Amino acid sequence: MTPETNSAIKADTSAPPAPVGFWQALEFWLKLGFISFGGPAGQIAIMHQELVERRRWISEKRFLHALNYCMLLPGPEAQQLATYIGWLLHRTRGGIVAGGLFVLPSLFILITLSWIYLAFGDMPLVAGLFYGIKPAVTAIVVQATQRIGARALKNRLMWAIAAASFVAIFGLDLPFPLIIATAALAGYIGGRIAPDKFMPGGGHGSAVQSFGRALIDDDTPTPEHARFTWVRLLKVVLVGALLWLVPMGMLAALYGWDSTLSQMGWFFTKAALLTFGGAYAVLPYVYQGAVENFGWLTPLQMIDGLALGETTPGPLIMVVTFVGFVGGYGSEVLRTAFGPDSQFLAGAVAAIVVTWFTFLPSFVLIMAGAPF
């Protein structure tokens, strides 16, 4: 590279890029929705490369600040990070578009693949594909568990809590929320008695790189829409509550509270609020409820759903879309409601319901909490 080229690059990065139009950003978020493979680590890496390094829409420090906030929230951090950055750039509609397009391509892909799986799963070719994928997915889950454990379990006390949690859910079949609450209480008490044993890790530390001036830079003033006001917070909470209450009320009124769709909406709302630590951490809760308690699908189908979730774009928690489709597809009540030949419609509606109630809390948490 010549000195002249270096000078040109320096000149290009000494000033922030031109303002990003809404439709330009929408095009990027749509593209991201189709290429966001690799779980949260891969998805965050793609966003960092595109938004921090290449396009310079946001600085390294602001990106990591947003990521640290999203890591504290329940829900898929990569999707929440996209929502956060879209919200910073283009207000509420930017956040909705960024977060929505992170999920929508995966939703439609999974509905299609779930239908193929159920309608043609007995064909030797399709059955063989899933039979071969099962051991690979099992290896991925084991490797992810080992990787997460190596980062989180820093001493024997942490290992003891992990082992006790494993016995509680698989041996004693205790409710997942009870296990999480007990572990949190142990951490709270342990942090006061033996703080050295419960010292948190460094997280995503301070930025050490600069890729030039960014559109949202370290010293860029906070935009008006991102400043906290009680009125704005109240508005977000009320709208979020209505977006939950209205669909849930309609489902309960049309099909009854004990119906498949109503119970799916309620169950996956709770799952959305318990997904601390990523999708792998909440999978036991989803398994316990969807497989053991409600019987929406079988253990082998759950493994196949994980296979589809691992091989499609979007957050891994999108496996819940598969759970919803399979549960709706096989529901006698929904087949009666939609018609005997409407299994696909029943599955698709259930998948959309599950996805809505799983991701709605993420949008509300970002819109309500980010201004703080």
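Keep in mind that this is a model prediction, so the values were computed, not measured. (Residues numbered from 1 in each chain as written. Predicted model: local features only at pLDDT ≥ 70, side-chain atom pairs only at ≥ 80, totals over all residues. Heavy atoms only, no water.)

## A word on the side chain of S262
Quick note on the threshold: A run of DSSP states H or I qualifies as a helix once it reaches four residues; a run of E qualifies as a strand once it reaches two. Both are numbered from the N-terminal end. Polar contacts, as counted here, are pairs of nitrogen or oxygen atoms within 3.5 Å of one another; within protein the pair requires one atom able to donate a hydrogen and one able to accept it, and residues that are adjacent in sequence qualify only if both atoms are side-chain atoms. Here, residues are in contact when the closest pair of their heavy atoms is within 4.5 Å.
Its place among the elements puts S262 in helix 10 (residues 260-272). Within the structure, S262 has its side chain in polar contact with the backbone nitrogen of A252 (distance 3.5 Å). A polar contact is formed between the side chain of S262 and the backbone oxygen of G256, at a distance of 2.9 Å. Once residues within four sequence positions are removed from consideration, S262 is found in contact with M248, L251, A252, G256 and W257.

## Focus: the packing of aromatic side chains
As a reminder of what qualifies: Whether two aromatic rings pair depends on their centres lying within 6.5 Å, for rings of Phe, Tyr and Trp, where Trp uses its six-membered ring; planes under 30 degrees apart make the pair stacked, over 60 edge-to-face, and the rest tilted. Exposure is judged per residue with a 1.4 Å probe applied to protein chains only, and the accessible area is read against the type maximum: over 50% gives exposed, under 20% gives buried, and values in between give partly exposed.
Following the criterion strictly, the structure yields 22 aromatic pairs and no others. Note on Y255 and F338: the rings are 6.3 Å apart at their centroids and 55 degrees apart in plane angle, and the pair reads as tilted. Taken together, the residues Y255 in helix 9 (residues 230-255) and F338 in helix 14 (residues 332-338) connect sequence positions 83 residues apart. Judged by relative accessible area, which is 29%, Y255 ranks as partly exposed. For the pair F294 and W296, a centre-to-centre distance of 4.3 Å together with 5 degrees between the ring planes defines the contact as stacked.

## Structural notes on the nonpolar core
Applied cut-off: Remark: nonpolar core denotes a set of buried residues (Ala, Val, Leu, Ile, Met, Phe, Trp, Tyr, Cys) joined through side-chain atoms within 4.5 Å.
Grouped together as the largest cluster of nonpolar side chains are 46 residues, with contacts concentrated most on F268, V286, W296, L297, M302 and V323. Mapped by element, the contributors of at least two residues to this core are helix 5 (77-120), helix 9, helix 10, helix 11 (279-293), helix 12 (299-310), helix 13 (319-329) and helix 15 (343-369). With 10 residues, the single largest contributor to this core is helix 15. Those residues in contact with F268 that lie beyond four places of it in its chain are V286, W296, V320, V323, V354, F357 and T358.

## Description of the pattern of salt bridges
Opposite charge on two side chains permits pairing when their charged atoms draw close. How we decide: When a carboxyl oxygen of Asp or Glu is within 4 Å of a side-chain nitrogen of Lys or Arg, the pair counts as a salt bridge.
In total, this model carries 5 salt bridges according to the counting rule given. For E50, the salt bridge goes to R55, with nearest N and O atoms at 2.9 Å. Classification of E50 as buried rests on a relative accessible area of 12%. On the basis of relative accessibility, which here comes to 21%, the residue R55 falls in the partly exposed class. Here E224 makes a salt bridge to R232, at a shortest N to O gap of 3.1 Å. Residue classification places E224 among the partly exposed positions, given a relative accessible area of 46%. On the basis of relative accessibility, which here comes to 24%, the residue R232 falls in the partly exposed class. Here the salt bridges do not stand alone but share partners, grouping E50, R54 and R55 into one network.

## A few points about the packing of helix 12 against helix 13
Convention followed: Note on geometry: axes are C-alpha line fits, over the in-contact stretch for helices, and angles between N-to-C directions span 0 to 180 degrees. By definition in this entry, angles of less than 35 degrees are roughly parallel, angles greater than 145 are roughly antiparallel, angles of 65 to 115 are roughly perpendicular, and the rest are oblique. Two helices that cross are described as forming a left-handed crossing if the nearer one is turned anticlockwise from the farther one by less than a right angle, and a right-handed crossing if clockwise. Gly falls in the polar group here, along with every residue not listed as nonpolar (Ala, Val, Leu, Ile, Met, Phe, Trp, Tyr, Cys, Pro) or charged (Asp, Glu, Lys, Arg).
One way to put it is that helix 12 packs onto helix 13 with a least axis distance of 8 Å and a crossing angle of 135 degrees. Considering the angle they form, helix 12 stands oblique to helix 13. Classified by chirality, the crossing of helix 13 by helix 12 is right-handed. Every residue of helix 13 that contacts helix 12 at Q301, M302, D304, G305, L306 and L308 is listed here: V319, F322, V323 and V326. Partitioning the contact of helix 12 with helix 13 into residue classes produces 7 nonpolar, 2 polar and 1 charged.

## What about a nonpolar patch on the surface?
Here is the rule: Here a patch means residues that are over 30% exposed by relative accessible area and free of salt bridges, tied together within 9 Å if like-charged and within 5 Å if nonpolar (Val, Leu, Ile, Met, Phe, Trp, Tyr). Where accessible areas are quoted, they stem from the Shrake-Rupley method and a 1.4 Å probe; at the residue level, only the protein chains shown are allowed to cover.
Judged by side-chain polarity, L185, Y188, I189 and I193 come together as a nonpolar surface patch covering roughly 440 Å² of accessible area. Mapped onto the elements, Y188 comes out in helix 8 (residues 176-193).

## Observations concerning the side chain of T269
Looking at the secondary structure, you find T269 in helix 10. For T269, a relative accessible area of 8% puts it in the buried group. A distance of 2.7 Å separates a polar side-chain atom of T269 from the backbone oxygen of G265.

## Quick look at unusual backbone geometry
Its identity as a non-glycine residue notwithstanding, R56 has a phi of 55 degrees, on the positive side. Residue placement: R56 occurs in the loop between helix 3 (39-54) and helix 4 (60-72). R56 sits in the buried class, given a relative accessible area of 11%.

## Points about the environment of I317
Relative to the elements of secondary structure, I317 occurs in the loop between helix 12 and helix 13. Classification of I317 as buried rests on a relative accessible area of 6%. Here the alpha-carbon distance between I317 and F359, two residues 42 residues apart in the chain, equals 9.6 Å.

## A few points about the confidence of the model for the protein chain
Do not read the predicted coordinates in detail wherever pLDDT is low. Let me state the cut-off plainly: Each residue carries a pLDDT value, the predictor's own confidence for that position, ranging from 0 to 100.
A residue-level look at the protein chain finds 78% of positions with pLDDT of 70 or above and a mean pLDDT of 81. Here helix 1 (residues 3-13) stands out as the least confident element of the protein chain, with mean pLDDT 47; helix 9 is the most confident, with 95.

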